[in-house]
Structure formats: structure tokens, C-alpha cells
Amino acid sequence: MVEPVPLNWEEVARVYGRKIYNFAYRLTGNPADSADLVQEVLLRVRKGLESYQPGSFDGWLWRITRNAFLDEVRRKKRRPQISLPDEVDRWDIAASPSADIEYDRLSIGDDIQKALLELPIEFREAVVLCDVVGLSYEEIAAATAVPIGTVRSRIHRGRKQLRDVLS
Amino acid sequence: MRHAGDTISAYLDGELRPEEVHRLLEHLASCGRCSAEMTALQGVRSSVRSLPMIELPRGTLPEAEVTPIPLRRNRGFIAAVAAAVVAAVIGIAALVTPPPESISVEDLNSRFGARLSLDPAFGPAKVLVPETVELQR
Amino acid sequence: MRRLILVTVAVLMMPATAMATDLEELLAQGKEANYSAEQIITCSTPEGVKDSVVRIRQSDGDLHAAASVPSDLEVTSGSGGWTLSQAGSVITSTSLDASGIEAEPRYELDEGTPAAFLGRRVTLYEMRDGDLLRARLIFDTQLGAVMKAVTYSADGTVYCERRFITFDPTPPVLTFVRHADDIIDEEPVDSDLPEEIAGFHRLDEYAEDGLIFAYYSDGFFSFAVFETDVVVELSDAARIIIDDDEYRRAFDPGQVTFVWETESGGMALIGDLPPDMHQEVLAGLPPPGRASWWGRIWRGLFG
């Protein structure tokens, strides 16, 4: 069954941008990196739309999102950031009062966000994809290329660890 | 006695078949430990699900930067400006480089090795140091 | 509202059976190990015994390996980067990304047997493809490093044995090596390289100027296939006939390289698969000398 595919990347950006941002933010706690991820994913989606084979658009998009996220993690690992004296630290921009970020809403759920960041990345990702993004186990399995049993196990162990941290 | 394990989470997420739900609920009726875990994880799950959806910061989507142009202006010019802004922000630049004149097996091995370093089996079972190297480059 | 997911393949829902160990999880643990070691590699190849001793240091997912002879040749790899240098100067370097697709599992481990090796507690596993024993692997129980790996040909003879002869679990301090600046992105390529060959699945494809390559894995062994528009130079290579086709082949300890020409350019295969798999894999690839539609793809991509 062929589902309707968004015809252009502007539509994708509008519909999915916020979800991608929240996926990255809950995984990293870093607003600047999360915004970068949104742009990188949209770029890749735009490039890939022409050769996209109709199937599961959600699955395709979340695979791209996850790969872009992993690529960024690997890039940072390979090439340590070298700050030049006149290079503006992006954290400064994100933290400045003039930045249009919803500080009020960010302060809610700080405990949970901190607890999430203590989870091993596989567990954290599984929990975020399930409870923040709202994907089903089958969709998470497709996005992360692991069996559904592994998805279920990671979500369960992630939640148990959250319970331990939060208590 | 075998405990419920991760079927608890699967149940909370609606991922169990009806017969599995039945079996789980039967187990919970007589297992205090699993019942307590169910309650605890239900709370954890709710907490994560209640995290607010954060709005995209301004400037993440480049089109948000392009302000609406009054209808009086020339549409062709507007489209070009908008496209230029989008392209500049995204930074799409196609550089065409001429193909290399030759490929050495060392360069091929380098690519294989780089991809190998991302293989789950990467490690002592897959390490290789080439014995001979083409010294004429 | 969460919808119920009907699991169409029940085996996906079941965790690995209690008697088997998860190969990928074991290997993933090994990536995090920090240690220094010397490893001897001995392989029985159709061109005789190939062996070498390698000094390995692994830390934080990066692996530095230096040859004993010549002693100034060093490989640094990890996280998608690979650099070969001699006496400190770089000979070749690559950086690339992968899609993260994992190979469909072909091999299963048994439940493992505790043992001792080099004064360490280890677990010995047998890795099988159905009934066929393909490897015996010894994992360090504490660190997860592969202390010894013996791989077998289909007829039961040993292909390669890699084993540590010295082992130091002190985390080494590795000097940072910067890999190639340009990162080759994984992307779908409209090429004639098949998705599946002889039980190996294509996990990634890469396209550069003048070169296309694809990476295949069966969950343990892996190889890369290259398609170029020029001839690949391979020194000290024997000419070998396989299924009436002529290839040039060279064995390094633990790795084989095949090079051949099609009408549109050169091809190469590099991998660590045992010799009994070579014929079937090559049979799944464009053969030497015959017209391949590679030329059309090439012109379509690069003009």
C-alpha cells in the first residue's frame, strides 16, 4: 500500500522538524547540536527525496535522523573541537537572554532530562524514540536496525534505570 | 518463579498480543514484586511522556528567516533572494573535481580499513597492517 | 493512541535462546576494551603460509597497530578513520561514515566455556554457520577483547589463527592521529553491485570521483568491492584462473586482494573471508573482460 509522500522538503521541515529537534534534545540536552541535527536531517531528506522508494516514510526519515545523529557523534569523536580565540562558542549564543528559546518550558522536567542523560546511549535512544517521538516497537526496530526483542529489552532496562536514578 | 521482565514495558506500550496480556495480568495477580515494578515503570513512562515538546529555536528552519514580501515587489526577484538565503544557510555547494589518474591498492585498502573500523567485529580479529607498500606514488 | 503491533515473525520477538550467546554484543563489548598486546597472525593460503606479528594498542574505540617488520609501518583506525603511515609520514588516509545497517546474523555462538589464556580469565566460544564450524573465539572475560580467533575453511582446516602472545590491560595512551579531512558519505549508488552475494549482505555504498565501492558483511567476515575507471596496480600478485576467468590475487596475513579488469575499468575485492568462499563471491560480481553496464552507470554519474 503506497502512502502519501510529502512532496517537498518544506513540508517535511514543518511537520517533522520539531520532532527531530526534540529527539536530539532529549538525547543530548544540547540545544545547538539539536538544531544542527534538524538542518542536517532536512538536508539529507531533501537530497534523498528524488530516489526515495515509497514504503514507510516515517521509517525512512527516522533512519536518516538516527544516522545523522550517529555521524555527528562520530565526527566529534574523530576531530576534537579546536576553539580559536575569535571563534564564538555556540553555547554562548544558545545561553544568551536574547536567544529565542523557551526557558520556562525547559525548566520543567529537568530532573527527568538529567536522568535520561545518565542512561547508556542505546537505552536512552530507545526510550526517547518510544516516549518522546512516539514510535512503535516495530518502527524503532526498523530505525535502529535491531530486532524487536532488543528494542523491548532496551526500553525496559532504560526505564528501570530511570526509576533507580529518580528515586 | 519466573518474573514478568520486559513484558511489563511491552504491556505499557501496547505491544503485547491479547493472550500475552492475559498471561501477564494473571502473573501480576500473584506476584507482588512484578506488580510493584509495573506501578513504578508506569510512573516513569508517564513522566517521560509528559516532557514538554520544545519548539524549534528561531533560525533552525531557514525559511523562517525570510520575511513576507509585500505583493507590490517583483516575484522573480523575491524567489531568487529566498533561494539564495536558503542555499547560503544550508551551504549547498557542488564542487566538481576531476577524477584521479590512478588508484593504488593502498588507497583501496585504506577505504576498506576505514569501513572496517565501523564494523561491529572491529578489533583484533580484523586488524591488518599491510606488509608491502607501493613506495612510488 | 498506541496501536497494537502484530508481530508477523514470532522469532523477532523472542530474545536469543538461553543456550546461545549474542555474537554482536560480545564483539561490541570488545570495542570498548583498552589494552596493549602483541598478536601473531598465521594463515594457510593457497600461496603458502602468510604470517606476521603485530603490536596492537586499543583505547577508546581507536586501534593502533604497528608491524614488527618493517617496524616503522603503522596503522591507526577507529570510528570510520584509517591512516597508514611510515616513519611518521602519512601514506594514505580515509575517513568515512556508515549507515549503521547491521548484517543479518549468519553465525551463532554456543554458550561458551570458561578457560584461562595468558593468565587471564577468558571464555571460549564456537561460532557456527548451522553445523559448520567457522571460528573459535576467545574473549577476555573482564575486558571483552578477542584474545584469540581461529577461522576455518569449509573442509575443517584452519584458515587463519590470530592470537595474542603478550597482553597488558593497562589502558594505553594513544597519540591523536588526524584522519583524512574529507569524509566519504555513505549513499545509495545506482551500480550493478548486488545487494546479496553468497550470504554476504551489502551494508554500505560509497561514490567518489573515479571510484565506487560497496561494503559487504555476513556478520563476521567482510569485504569491499571497488569499481574504478582505471586499472588497479597490484604488485607481487599471482595470476589465478577461477571459473575460466583470470584474476590477480595477493594474500596478506588475514586478508585477500583480488584485482581484475572489465571492459569499463578496474575492479578489486579486499576482504578477510576464507578461501573456500572466494569462488562463490567472485561469481556474484561482474566478471573480468566481459562488457559490464558499469560504463553506462559511470558516465551517468560523472558525465
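Predicted, not measured: the structure shown is a model, and the values here were computed from it.

Caption draft 1: Summary view of the overall build of chain B. Across its full length, chain B carries five helices and one strand. In sequence order, chain B lays out its α and β elements as α-α-α-α-β-α. In chain B, which comprises 137 residues, the proportion classed as buried is 34%. Counting only contacts in chain B whose residues sit at least 6 apart along the sequence, the fraction spanning at least 24 positions is 43%.

Caption draft 2: Broad picture of helix H5 (residues 105-116) of chain B. Residue and element names in this part refer to chain B. With 12 residues, H5 extends 16 Å from end C-alpha to end C-alpha; this agrees with the ideal 16 Å at 1.5 Å per step. Within H5, 11 of the 12 residues are buried, leaving the element largely enclosed by the surrounding structure. Looking at H5, one finds that the buried residues are Val105, Asp107, Leu108, Asn109, Ser110, Arg111, Phe112, Gly113, Ala114, Arg115 and Leu116.

Caption draft 3: Representation of the nonpolar core within the structure. Judged by nonpolar contacts, the single largest core of 85 residues is most densely connected at Ala224(C), Val225(C) and Ala268(C). Looking at this core, the element that brings in the most residues is strand E16 (residues 211-217) of chain C, giving six residues. Setting aside chain neighbours within four positions, we find Ala268(C) in contact with Val105(B), Leu108(B), Phe226(C), Val232(C), Thr257(C), Phe258(C) and Val259(C). One finds Ala13(A), Tyr16(A), Leu162(A) and Leu61(B) within the second-largest nonpolar core, a separate group that totals 51 residues.

Caption draft 4: Spotlight on the packing of helix H7 (residues 121-133) of chain A against helix H3 (residues 32-49) of chain B. Here H7(A) crosses H3(B) at 70 degrees, and the two axes come no closer than 8 Å. The angle between H7(A) and H3(B) falls in the class roughly perpendicular. The two elements H7(A) and H3(B) meet at a crossing, and its hand is right-handed. Where H7(A) approaches H3(B), its residues Val127(A), Asp131(A) and Val132(A) are matched on the opposing element by Arg45(B), Val48(B) and Arg49(B).

Caption draft 5: Geometry of the interface of chain B and chain C. Across the contact, 39 residues belong to chain B and 65 residues belong to chain C. For the side of chain B that touches chain C, the secondary structure elements donating two or more residues are strand E1 (103-104) and H5 of chain B. Per-element accounting of the side of chain B that touches chain C gives the leading share, 12 residues, to H5(B). Residues that form the side of chain B that touches chain C fall into these classes: 19 nonpolar, 10 polar and 10 charged. Note that E1(B) and strand E18 (residues 232-233) of chain C share two bridges and pair parallel. Across the sheet, Ser104(B) pairs through a bridge with Glu233(C), a residue of E18(C).

Caption draft 6: Focus on the environment of Ala35(A). Position of Ala35(A) relative to the elements: it lies in helix H2 (residues 31-48). Owing to 24 C-beta atoms within 10 Å, Ala35(A) belongs among the buried residues under this scheme. Taking the C-alpha atoms as reference points, Ala35(A) and Asn22(A), 13 residues apart in sequence, are found 9.4 Å from one another. Every residue in contact with Ala35(A), bar those within four places of it in the chain, is listed here: Tyr21(A), Pro57(B) and Thr60(B).

Caption draft 7: Just the interface of chain B and chain A, in detail. Across the boundary between the two partners, chain B contributes 25 residues, which contact 36 residues of chain A. Elements with a minimum of two residues in the side of chain B that touches chain A: helix H1 (7-12) and H3 of chain B. If you tally residues by element for the side of chain B that touches chain A, the top one is H3(B), at seven residues. Considered class by class, the residues forming the side of chain B that touches chain A number 14 nonpolar, three polar and eight charged.

Caption draft 8: Summary view of unusual backbone geometry. Located in the positive-phi region is Ala145(A), a residue other than glycine, with phi close to 55 degrees. Notably, Ala87(C) is not glycine yet its phi reads approximately 50 degrees, a positive angle. Looking at where Ala87(C) falls in the secondary structure, it is placed in the loop between strand E5 (81-86) and strand E6 (89-96). Residue classification places Ala87(C) among the exposed residues on the basis of 10 C-beta atoms within 10 Å.

Caption draft 9: Spotlight on the confidence of the model for chain B. Residue and element names in this part refer to chain B. Taken as a whole, chain B shows an average pLDDT of 72; of its residues, 64% reach a score of 70 or greater. H1 holds the highest mean pLDDT among the elements of chain B, 95, whereas helix H4 (residues 75-90) holds the lowest, 37. Throughout residues 63-100 the model reports pLDDT below 50, and contacts reaching past four residues in sequence, or to other chains, amount to 23 contacts.

Caption draft 10: A look at the pairing of E5(C). Residues and elements named next belong to chain C. The pairing of strand E4 (residues 73-78) with E5 spans six bridges and is antiparallel. Directly across from Glu74, in E5, lies its bridge partner Ser85. Taken together, E4 and the strand that follows it, E5, pair antiparallel across an intervening segment of two residues, in which Ser79 is found at a positive phi of about 55 degrees. In this structure, E5 lies alongside E6, joined through six bridges in antiparallel fashion. Note that in E6 the partner of Gln86 across the bridge is Ser89. Between E5 and E6, which pair antiparallel one after the other, the connecting turn spans two residues, and Ala87 there sits at a positive phi close to 50 degrees.

Caption draft 11: Layout of the packing of H7(A) against helix H8 (residues 137-144) of chain A. All names here are of chain A. In contact at an axis separation of 10 Å, H7 and H8 are set at 135 degrees when each is read in the N-to-C sense. Judged by the inter-axis angle, H7 sits oblique to H8. You can see that H7 and H8 cross each other, and the crossing is right-handed. Side by side, H7 and H8 meet where Glu125, Ala126, Leu129 and Cys130 of the first sit next to Ile140, Ala143 and Thr144 of the second. Considering only residue class, the contact of H7 with H8 consists of five nonpolar, one polar and one charged.

Conventions adopted
- Residues numbered from 1 in each chain as written.
- Chains lettered and ligands numbered in written order.
- Predicted model: local features only at pLDDT ≥ 70, side-chain atom pairs only at ≥ 80, totals over all residues.
- Helix = DSSP H or I, 4+ residues; strand = E, 2+ residues; numbered from the N terminus.
- Buried ≥ 20, exposed ≤ 12 C-beta atoms within 10 Å, placed from the backbone.
- Contact = placed C-beta atoms within 7 Å.
- Expected span 1.5 Å × (residues − 1).
- Core = buried A, V, L, I, M, F, W, Y, C linked by C-beta atoms within 7 Å.
- Axes fitted to C-alpha atoms, helices over the stretch in contact; angles between N-to-C directions.
- Parallel < 35°, antiparallel > 145°, perpendicular 65-115°, else oblique.
- Left-handed = near helix turned anticlockwise from the far one by under 90°.
- Nonpolar A, V, L, I, M, F, W, Y, C, P; charged D, E, K, R; others polar.
- Pairing = 2+ DSSP bridges.
- pLDDT = per-residue confidence, 0-100.

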